[in-house]
Amino acid sequence: MDGATVASGSSSGSLHVWRVEYNSKPGSWTPDKYRGITAVRQLSPGEGAILKIVPWGPHPALLLYATQRGGVHCCDLRAPADVWHVPAAPSLGLCQQLLADPTGQHWFAQGTSRGWVCLWDVRFLLCVNSWQHPHRCSVDAMAPALAAAARLGLSSGSLPHPSAPLLYMAAGNQEVGVWDALNGQCHQVLRVLNREESHINVSEPPAALQPPLPANSSQPKVQGGLAAAAVGSSVGGLGLSSSSSLQHGTHVNQVVSELSTHLAVDQINSPRARLAGVTALLPLPGGALLTGGADRCVRYWDGSWPERSYIVAGPVWPDDTAIMEPNTNKLQVPSHVYRYSKRLVSGVPVLEERCVGDGPRLVTPDSSPSLSRQLRMQDLVHSDTITQLLAVEGTSKLLVSASRDGCIKVWK
C-alpha cells in the first residue's frame, strides 16, 4: 500500500493488514534494520473466501476486497468498519478481478468467472454499465490502459468516447483485449497462436471479436433435473412467475431454458475446462504491456510497433520438447522462431505471435555455442503459471514475477 504495509486475504475468509517495521539511517529512506511485523487490522466478514484485494489511492489509503458471497467492500484503515459495500449478483459469477480508478477514487470495475465486467460509480454506489465477454470466458486479469491511443497502437478516430477509461482484460485462450469500460467495445487484441494456428495464413478470429454465443447455445435439454425442479420456486428471480407465464402461453421449456441460463446450470452439469490463458498484466508507462500466464512466459507487447514485441523470459523449448539421445549423447531440440504481426479483424487491430521453425535438430555443446546459455535459461524460468508481475524502481529497474507454486523471481 504505502511501501511498508501489506494486506493479505485467506480462503478461510479473513483479511489481515500488516505493517513492516524498520529503522532507517539519517538522511536515507532505505531500510537499515528490520524490527518485525505489526498487525494493523484484521477483518472476518463471514462471507466466504477473500477472492481479491486491491489498494486504492494514497490519500486516503483504501482497500477494495471481494468476497465469495458478499460482493465488494471498501475498507478505510482510519474507520472502525467498512465504509461501503456493493452486493454481488450470483448469476454473474464469482468476482475474480478488481480494477480501481487509477486517476482518482471515482469508479471501479469488477470481472467475474462468467465473463461479466461491471462498472461502478463510487459516488452513488451504482452499477452504471455491465457487459459480458462474447464467449463468456472467465476474466483472469485486468489492468488500466492509461497511455495515449497512438502509443497503444490505436487510431484516434477508433475511440467513440476518447475520455472513457480503457482497460486490458485477459479472457480466453492466450488473449488480451483492450476494452472500452463504458460501452464494452473491444478496440485491440493481443494473442498467442498455437503451433497449428501459426502455420495457417488466416486463423480463426479472436474470441473477443466473435459474435456473442446464443443464450441457450451450451444449455442441455433439461427434462426435470435441477432447472425444472427450480421453476416453481426460483423463477421469480427472473422477474417471472410460473402461473402468469403459463397464462400468457409461455412454454415451460422456454422458462426452463431462461432459468438454466440465469443459474448457469450448464456449468454445474458439465463444468468447462479452464483455458490456459494470460493471468498477469503489467502496463508500462510508454504504452507497452507485459503479460504472463499458463505457458510460463513473460512477453513484451508493443501495440504501436508489433515487430518490437518479444519473449522476455520463458521456456526455451515449450512443453519440454527437448529430448536427449541416449546413444549419441546429443540433444534433440526444436528450432523455434517467434514472429509478431498485426492484421485487422472487423476493423479491429489484432497483434499475433506465431511460432515457426524448421523442426527438431541434433546439437551438442560444440556444435551450438548458444546451447549452454539456452540450458541455463531453461532452468531459470518458472515451473508453473505466472500469476503476478511487478516493476520495482531502485538503483536499477527490476521485474518481479510470481508463479502459482509460490516461487518469486527477480529479472534485470
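Residues numbered from 1 in each chain as written. Predicted model: local features only at pLDDT ≥ 70, side-chain atom pairs only at ≥ 80, totals over all residues. Heavy atoms only, no water.

J.: Explanation requested: the overall build of the chain in the structure shown.
T.: The helix and strand tally for the chain stands at seven helices and 27 strands. Here the chain holds 412 residues, and the buried ones make up 43% of them. Contacts in the chain between residues far apart in sequence, at least 24 positions, make up 48% of those at least 6 positions apart. Carbon together with sulfur atoms contributes 55% to the accessible area of the chain, which is approximately 21700 Å² in total. (Helix = DSSP H or I, 4+ residues; strand = E, 2+ residues; numbered from the N terminus. Buried < 20%, exposed > 50% of the residue type's maximum accessible area, 1.4 Å probe, protein only. Contact = heavy atoms within 4.5 Å. Areas by Shrake-Rupley, 256 points an atom, 1.4 Å probe, with all protein chains shown as cover.)

J.: What is the right way to read the side chain of Arg 114 from this model?
T.: Inspection of the secondary structure assignment puts Arg 114 in the loop between strand 9 (107–112) and strand 10 (116–121). The buried category is assigned to Arg 114, whose relative accessible area is 10%. Separated by 2.4 Å, the side chain of Arg 114 and the backbone oxygen of Ser 91 make a polar contact. (Polar contact = N/O pair within 3.5 Å; in protein donor to acceptor, adjacent residues only side chain to side chain.)

J.: Quick question: what am I supposed to make of unusual backbone geometry here?
T.: The phi angle of most residues is negative, glycine excepted, and most peptide bonds adopt the trans form. Notably, Arg 136 is not glycine yet its phi reads approximately 60°, a positive angle. The topology assignment puts Arg 136 in the loop between strand 11 (126–132) and strand 12 (139–144). With a relative accessible area of 12%, Arg 136 lands in the buried category. Phi is positive for Ser 346, close to 55°, though the residue is something other than glycine. Note on placement: Ser 346 falls in the loop between strand 22 (337–345) and strand 23 (348–356). The class for Ser 346 is exposed, based on a relative accessible area of 70%.

J.: It is not clear to me how the sheet that holds strand 19 (residues 310–313) should be interpreted in this structure. Could you clarify?
T.: Across a sheet, strands are paired by hydrogen bonds formed along the backbone, either parallel or antiparallel in direction. Taken in spatial order, the four strands make up an open sheet running 16-17-18-19, and their pairing is antiparallel. Only two strands of the sheet have a single partner each, and these edge strands are strand 16 (278–283) and strand 19. Between one strand and the next, the sheet's axes are offset by a mean angle of 30°, whatever the strand orientation. Bridge count for strand 18 (residues 298–301) against strand 19 is three bridges, and the pairing is antiparallel. Each residue of the ladder has a partner; that of Tyr 300, found in strand 19, is Tyr 310. (Pairing = 2+ DSSP bridges. Axes fitted to C-alpha atoms, helices over the stretch in contact; angles between N-to-C directions.)

J.: Just to check I follow, could you spell out empty space enclosed by the protein for this structure?
T.: The gaps of empty space that remain are located by a probe, the size of a water molecule, rolled over the atoms. If you walk through the whole model with that rule in mind, you get two cavities of 30 Å³ or more. In this structure, the largest cavity occupies an estimated 70 Å³ of space. Sorting the residues of the lining of the largest cavity by element identifies strand 14 (175–180), strand 15 (186–192), strand 17 (289–293) and strand 18 as the ones contributing at least two each. If you add up the space inside the second largest cavity, you get close to 40 Å³. (1 Å grid on protein atoms, 1.4 Å probe; cavity = no way out; pocket = protein on both sides within 12 Å on 5 of 7 lines; lining within 4 Å. Points joined across faces, edges and corners; volume = space filled by probe spheres on them.)

J.: Sorry, what's going on with a nonpolar patch on the surface here?
T.: On the surface, Val 6, Trp 18 and Ile 37 cluster together into a nonpolar patch covering about 280 Å² of accessible area. The topology assignment puts Val 6 in strand 1 (residues 5–9). (Patch = residues over 30% accessible without salt bridge, like charges linked within 9 Å, V, L, I, M, F, W, Y side chains within 5 Å. Salt bridge = Lys/Arg side-chain N within 4 Å of Asp/Glu carboxyl O.)

J.: What am I meant to see in the sheet that holds strand 25 (residues 386–393) here?
T.: Read across the sheet, three strands follow the order 25-26-27 without closing on themselves; strand pairing throughout is antiparallel. With one partner strand each, in any of the chains shown, strand 25 and strand 27 (408–411) form the two edges of the open sheet. Within this sheet the neighbouring strands show an average axis-to-axis angle of 20°, counted without direction. The pairing of strand 26 (residues 397–403) with strand 27 spans four bridges and is antiparallel. Each bridged residue has a counterpart across the sheet, and for Val 400 the counterpart in strand 27 is Val 410.

J.: Explain the layout of surface pockets to me, please; I cannot follow it from the model alone.
T.: Estimates place the volume of the second largest pocket at around 670 Å³. Every residue lining the second largest pocket is counted, 31 residues in all, and those nearest its centre are Asn 173, Gln 174, Val 192, Leu 193 and Asn 194. Contributions of two or more residues to the lining of the second largest pocket are made by strand 15, helix 2 (195–198) and strand 23. In terms of residue class, the lining of the second largest pocket is built from 13 nonpolar, seven polar and eleven charged. (Nonpolar A, V, L, I, M, F, W, Y, C, P; charged D, E, K, R; others polar.)

J.: Where do I start with the side chain of Ser 403 in this structure?
T.: Structurally, the position occupied by Ser 403 is in strand 26. Among the polar contacts made by the side chain of Ser 403, one reaches the side chain of His 382 at a distance of 3.1 Å. The residues touching Ser 403, leaving out its near neighbours within four places in the chain, are His 382, Asp 384, Thr 385, Ile 386 and Thr 387.

J.: Explain the pairing of strand 9 here, please?
T.: The side chains of a regular strand alternate, residue by residue, between the two faces of the sheet. Of all six residues making up strand 9, six are buried, and the element is well covered by its neighbours. In strand 9, alternate side chains face the same way, and those of Trp 107, Ala 109 and Gly 111 on one face and Phe 108, Gln 110 and Thr 112 on the other are all buried. Note: strand 8 (residues 95–100) against strand 9, five bridges, orientation antiparallel. Bridge assignment links Ala 100 to a residue of strand 9, and that residue is Phe 108. As consecutive antiparallel partners, strand 8 and strand 9 are separated by six residues. As paired strands, strand 9 and strand 10 are joined by five bridges and run antiparallel to one another. Residue Trp 107 lies in a different strand from strand 10, and its bridge partner there is Asp 121. The antiparallel pairing of strand 9 with strand 10 creates a hairpin that spans three residues between the two strands, and Gly 115 there sits at a positive phi of about 85°.

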